[in-house]
Amino acid sequence: MITTYALSLSSVDRTEADRIALIDLITDWQVAAYPVDADDEASTGLSVRTRLASNDPVFRTTITESTARSSHVSTTTATASLINGVLTFDIRIVTTPRTVKVAPHRAPMVPEHVIKLVRNVLKAVPTFDAERRVVDAVSTITTELEGQDIGYLRFVEKRSLPLVVEIADIGTNNPPLLARGTGPLVGLVHLVHITTQEALNGYLDASRQNLIGPGTVVVHWADMGQEPKILRFREIPPASRPREIGQLLSLIIETAALSVAAPRVPPPPRNDDEDLYEVPTREHLEDSHGDADTAAHIEQLESMVNELQGSLTEAERIISEQNSRIEFRDDQVNKLVLQKLALESLTGVSPQLEDVTTMSQAMDLAKRNFEFLVFHDRAMESGKKLEGPEPMSILRDLWRLNGVARRWSAGEISGTSLKAVCADAGLNFASGISDNARQKFEEDYLIDWQGEKVRAEAHIKRGKKSHLVRIHVYFDVERQQVVVAYIGRHLRDKGSQS
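Residues numbered from 1 in each chain as written. Predicted model: local features only at pLDDT ≥ 70, side-chain atom pairs only at ≥ 80, totals over all residues. Heavy atoms only, no water.

J.: Please provide a residue-by-residue account of the overall build of the protein chain, values included.
T.: Across its full length, the protein chain holds 12 helices and 19 strands. Taking all 498 residues of the protein chain together, 44% fall into the buried category. Long-range pairs, those at least 24 residues apart, make up 68% of the contacts in the protein chain with a sequence separation of at least 6. Carbon together with sulfur atoms contributes 52% to the accessible area of the protein chain, which is approximately 26900 Å² in total. (Helix = DSSP H or I, 4+ residues; strand = E, 2+ residues; numbered from the N terminus. Buried < 20%, exposed > 50% of the residue type's maximum accessible area, 1.4 Å probe, protein only. Contact = heavy atoms within 4.5 Å. Areas by Shrake-Rupley, 256 points an atom, 1.4 Å probe, with all protein chains shown as cover.)

Structure representation (structure tokens):
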């Protein structure tokens with residue numbers, strides 16, 4: 001796993017209200033940038049996991065992405081924690097290779113939505129580094145005293161962020177090259193722009209720099225033992241300057257990714273009723289080595305979970321692509337079957353296959369022959385009303401589901417392996433619905449079953465647009481029955497207006 005972007009900001013003397021404000025920012029960002037719906041085809045190759053509990057000081061959202069054209073799976077983690085009055089915001093992007101080919105891979109520039117989130121965090125929660133506020137702005141330095149302040153800032157030992165100084169090309173009308181805005185460096189650096197000779201003299205005097213003049217960018221790393229990175233743009237041809245700027249941005253971002261450690265946070269709280277062992281007393285918890293070892297072990301486990309989630313997301317994306325190809329071939333087969341039936345009728349030959357041309361025929365045939373499926377009245381009613389999709393395609397899905405139901409009823413498979421078994425049978429299976437659909441449109445998914453209301457969230461997905469069909473299923477664990485609850489168009493979810 002390779003960290004390609006890391007930013008961590010801490011602010012002291014903060015309250016729970018500040019943490020909630022951060023949680024709201026992260027949640028709104030996730031919904032806007034990564035809208036995940038278990039029933040949305042666009043969410044294939046994307047998963048979101050959230051750590052949130054009323055008694056947990058840590059909030060964390062982990063997003064895993066896999067795209068068809070990428071050789072790496074990307075994991076973005078945003079964390080907000082409030083521990084002993086210290087509020088920490090941390091966001092990092094990690095990529096995991098998925099091929100065995102030896103080929104150059106360059107991480108893409110920081111996504112714009114990540115930059116926007118960092119900007120919003122800096123506005124909501126004032127954060128300081130070496131008693132200087134971290135801001136989404138370039139500080140313009142015009143006086144000798146201001147220049148001296150910047151020069152002295154270089155030597156502040158508790159400074160954690162690089163100090164990036166661009167000295168204007170004084171005496172010319174050339175625009176600034178780096179100091180036009182913080183861009184992807186927001187939150188990662190203190191960015192200043194020296195615009196006068198007086199300010200330059202003050203900076204040079206305090207920073208003890210030599211051979212630095214107008215038209216120069218200087219990066220003072222947070223470790224004073226490191227030599228500054230200096231770019232003299234007067235010596236670089238104009239056509240090469242954008243490339244040099246891009247390389248400098250990448251250098252700073254990559255350096256932060258390799259330097260900034262993930263925050264140490266406590267493990268998620270456990271329900272006392274689920275504890276298998278006696279909780280240790282506080283005296284036993286004071287062992288610093290034990291705490292450090294536990295924290296390191298938790299980080300290792302979280303890294304393993306992220307890597308496994310990456311593999312799962314990649315597999316789901318591949319399965320979805322294969323299902324799309326299968327659906328296309330199924331449509332071709334159905335058309336050939338109908339053509340065969342039509343030709344046999346024209347030539348006077350008795351058709352050898354049952355001619356299923358309506359959903360009413362398909363539903364009656366399925367109820368009569370698929371003995372391991374229980375068809376709810378709502379399923380029969382909604383299925384027979386369905387118009388548009390090929391009945392034989394839906395009948396074939398019900399036949400495949402009947403095979404899965406046979407194995408599930410016999411106890412051969414469990415709920416955790418249902419998705420893999422359905423995928424093996426050629427079914428595009430989703431085990432649940434989005435939180436938004438569950439909260440706003442729960443009644444769409446409820447059926448009356450054995451004297452109680454149950455929610456049929458699990459469903460089979462088929463087709464797109466005018467050919468889109470959903471088969472919702474309820475797994476009755478107590479009676480070992482698979483109940484087909486609904487067959488029809490997409491039920492209401494986050495994209496619905498009412």
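Here the narrative resumes.
J.: Account for the environment of leucine 145, naming residues and giving values.
T.: On the secondary structure map, leucine 145 appears in helix H3 (residues 144–153). Taking C-alpha positions, leucine 145 is 8.5 Å from tyrosine 203, a pair spaced 58 residues apart along the chain.

J.: Describe the pattern of salt bridges, naming the residues involved and giving the relevant values.
T.: Counted under the stated rule, the structure contains 19 salt bridges. Between glutamate 16 and arginine 19 there is a salt bridge, with the nearest N and O atoms lying 2.9 Å from each other. Here glutamate 16 pairs with arginine 19, and both are found in helix H1 (residues 16–33), just 3 residues apart, close to one helical turn. Note on arginine 19: relative accessible area 5%, which makes it buried. Close ionic contact of aspartate 169 with arginine 234 constitutes a salt bridge, the shortest N to O distance being 2.5 Å. Linking aspartate 169 in the loop between strand E9 (163–167) and strand E10 (190–194) with arginine 234 in the loop between strand E12 (229–232) and helix H5 (241–259), this pair joins segments that are 65 residues apart in sequence. Connected through salt bridges with shared partners, the residues Glu112, Arg119 and Asp136 form a single ionic network. (Salt bridge = Lys/Arg side-chain N within 4 Å of Asp/Glu carboxyl O.)

J.: Describe in detail the nonpolar core, supporting the description with residues and values.
T.: By size, the foremost hydrophobic cluster in this structure holds 48 residues, and its most contacted members are Tyr5, Trp29, Phe89 and Ile91. Among the elements of the structure, strand E1 (2–11), H1, strand E3 (58–65), strand E4 (72–83), strand E5 (86–97), helix H2 (112–124), strand E11 (216–220) and H5 are those that each provide at least two residues to this core. Ignoring sequence-local partners within four residues, the contact set of tyrosine 5 consists of Ile91, Arg92, Ile93, Val110, Val114, Val118, Pro184, Val186, Leu188, Ile253 and Ala257. (Core = buried A, V, L, I, M, F, W, Y, C linked by side-chain atoms within 4.5 Å.)

J.: Let's hear about the sheet that holds E9: which residues, and what values?
T.: One open sheet holds the 5 strands; their spatial order is E8-E10-E9-E11-E12, and the pairing between them is mixed. Of all the strands in the sheet, just strand E8 (139–141) and E12 have a single pairing partner and so form its edges. Across the sheet, the axes of successive neighbouring strands diverge by a mean angle of 15°, strand direction being ignored. Pairing analysis gives 5 bridges linking E9 to E10, with the strands arranged parallel. (Pairing = 2+ DSSP bridges. Axes fitted to C-alpha atoms, helices over the stretch in contact; angles between N-to-C directions.)

J.: Please set out the packing of helix H8 (residues 359–369) against helix H9 (residues 377–385) residue by residue, giving values where relevant.
T.: Angle between the axes and distance between the axes are the two parameters that describe a pair of packed helices. The contact between H8 and H9 brings their axes to 7 Å, and the two run at 150°. By the criterion of interaxial angle, the relationship of H8 to H9 is roughly antiparallel. Remark: the crossing between H8 and H9 carries right-handed chirality. Where H8 approaches H9, its residues Met359, Ser360, Met363, Asp364 and Lys367 are matched on the opposing element by Ala379, Met380, Gly383 and Lys384. (Parallel < 35°, antiparallel > 145°, perpendicular 65-115°, else oblique. Left-handed = near helix turned anticlockwise from the far one by under 90°.)

J.: Residues and numbers for H1, please.
T.: Between its terminal C-alpha atoms H1 stretches 25 Å, which fits the 26 Å expected from 18 residues at 1.5 Å a residue. Within H1, burial applies to Asp18, Arg19, Leu22, Ile23, Ile26, Trp29 and Gln30. For H1, the buried positions fall inside an angular range of 140° around the axis, keeping them on one side. In H1, the exposed residues that point more than 90 degrees away from the buried face are Ala17, Asp28 and Ala32. Elements in contact with the buried residues of H1: strand E2 (46–51), E3, E4, E5 and H2. (Expected span 1.5 Å × (residues − 1). Arc of directions from axis to C-beta.)

J.: Explain the sheet that holds strand E18 (residues 469–476) to me, and be specific about the residues and the numbers.
T.: Judged by pairing direction, the sheet is mixed, and its 5 strands sit side by side in the order E13-E19-E18-E17-E14 without closing on themselves. At either end of the open sheet lies a strand with only one pairing partner, and these are strand E13 (373–375) and strand E14 (428–430). Going from strand to strand, the sheet's axes swing by 30° on average, the running direction of each strand aside. As judged from the 5 bridges shared by strand E17 (residues 458–462) and E18, these two strands associate in the antiparallel manner. Across the sheet, alanine 458 pairs through a bridge with valine 473, a residue of E18. Along the sheet, H9 contacts E13 and strand E19 (481–488); its crossing angle with E19, the most-contacted strand, is approximately 30°.

Everything listed here is a matter of geometry and, on its own, says nothing about what the molecule does.
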